[in-house]
Amino acid sequence: TAISNAVSDAFRPVDDEIATEFRQQQGVSPESVCLLNVGSNNPRKNVSAILEAMRVLRSRQQPVHFWKAGSDFSAAQHEFISTHQLNDCISFVGRVDEAKLITLYNAADVLVAPSLYEGFGLTVLEAMACGTPVIAANTTSLPEVAGEAALLVDPTSVDAIAAAAERLIQSPDLRLSLSAAGIARAKTFTWTNTASQIASVYERVYSATH
């Protein structure tokens, strides 16, 4: 029996002032649309595809900035950033505790999670709970978690990732729509629901053996 993970109640929208202050501290202009990726830099996380998409977006003069939280970029990725002169629009914000992570989700405009494989995809759910629109891979568990509350893309296509980001950059209304849909979607992934499903499995097993 497959039972989903859940998201902590701590992940929620915060006051705009908190998010705005964080963006100012990071030196990001109000006009910039901030993309965020959270987690490790394992190859399956496909962070290099986000960097390639950033190169495409910048070549199209889109007002975009990318934050990476968790594990730092690899040496090859740092070289890519420098070679394509992306240093001014890409920031590594480090490993963050839960409080700062919640602020980070709220300060970002879009979570980008183009993983090639995910067993669940908790960052997608955390972002949604904070009202952050999501671009996620259309593979493995991510569509099941995101439902219709995210833009789903082929994670092997840099053009698809860039196009989805461009849609959100150019459409504040779409960002608002996905934000509301994400909050509603995240509310269905509670620890109470998870516990209830586990209890039901135990009850079925017990009934079958007694």
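Going by the structure above, here's the rest.
Basis of the calculations
Residues numbered from 1 in each chain as written. Predicted model: local features only at pLDDT ≥ 70, side-chain atom pairs only at ≥ 80, totals over all residues. Heavy atoms only, no water. Salt bridge = Lys/Arg side-chain N within 4 Å of Asp/Glu carboxyl O. Helix = DSSP H or I, 4+ residues; strand = E, 2+ residues; numbered from the N terminus. Buried < 20%, exposed > 50% of the residue type's maximum accessible area, 1.4 Å probe, protein only. 1 Å grid on protein atoms, 1.4 Å probe; cavity = no way out; pocket = protein on both sides within 12 Å on 5 of 7 lines; lining within 4 Å. Points joined across faces, edges and corners; volume = space filled by probe spheres on them. Nonpolar A, V, L, I, M, F, W, Y, C, P; charged D, E, K, R; others polar. Axes fitted to C-alpha atoms, helices over the stretch in contact; angles between N-to-C directions. Parallel < 35°, antiparallel > 145°, perpendicular 65-115°, else oblique. Contact = heavy atoms within 4.5 Å.

Caption draft 1: Molecular detail of the pattern of salt bridges. Under the criterion given, the structure shown has six salt bridges. Across the pair E52 and R55 runs a salt bridge, and its minimum N-O distance is 3.1 Å. On the criterion of helical spacing, the pair formed by E52 and R55 is a turn pair, its members being three residues apart in helix α2 (residues 47-59). Residue E52 is classed as partly exposed on the basis of its relative accessible area, which comes to 26%. Between R58 and D88 there is a salt bridge, and its shortest N-O distance comes to 3.2 Å. Of this pair, R58 sits in helix α2 while D88 sits in the loop between α3 (75-83) and β3 (90-94), and the two are 30 residues apart along the sequence. A cluster of three or more residues bridged by salt bridges with shared partners is formed by R44, K45 and E118.

Caption draft 2: Focus on the layout of surface pockets. Its boundaries defined by the atoms lining it, the largest pocket holds a volume of some 420 Å³. Listed by contribution, the elements that provide at least two residues to the lining of the largest pocket are α1 (16-25), α4 (98-107) and α8 (172-186). Looking at side-chain class alone, the lining of the largest pocket contains nine nonpolar, five polar and four charged residues. Estimates place the volume of the second largest pocket at around 210 Å³. For the lining of the second largest pocket, a count of residues per class yields five nonpolar, four polar and one charged.

Caption draft 3: Structural view of empty space enclosed by the protein. For the structure shown, the criterion picks out one cavity of 30 Å³ or more. The computed volume of the largest cavity comes to approximately 80 Å³. Around the largest cavity sit N37, V38, K45, L111, V112, A113, S115, E118, G121, T123, V124 and L142, which together line it. If you list the elements that add at least two residues to the lining of the largest cavity, you get β1 (33-39), β4 (110-113) and α5 (122-129). With three residues, β4 is the single largest residue contributor to the lining of the largest cavity.

Caption draft 4: Main features of the packing of helix α7 (residues 158-170) against α8. The interhelical angle for the contact between α7 and α8, taken along N-to-C directions, is 100 degrees, at an axis separation of 5 Å. With respect to α8, the axis of α7 lies roughly perpendicular. The residues of α8 that touch α7, namely those facing R167, L168, I169 and Q170, are P172, L174, R175 and L178. Here the residues of the contact of α7 with α8 sort into five nonpolar, one polar and two charged.

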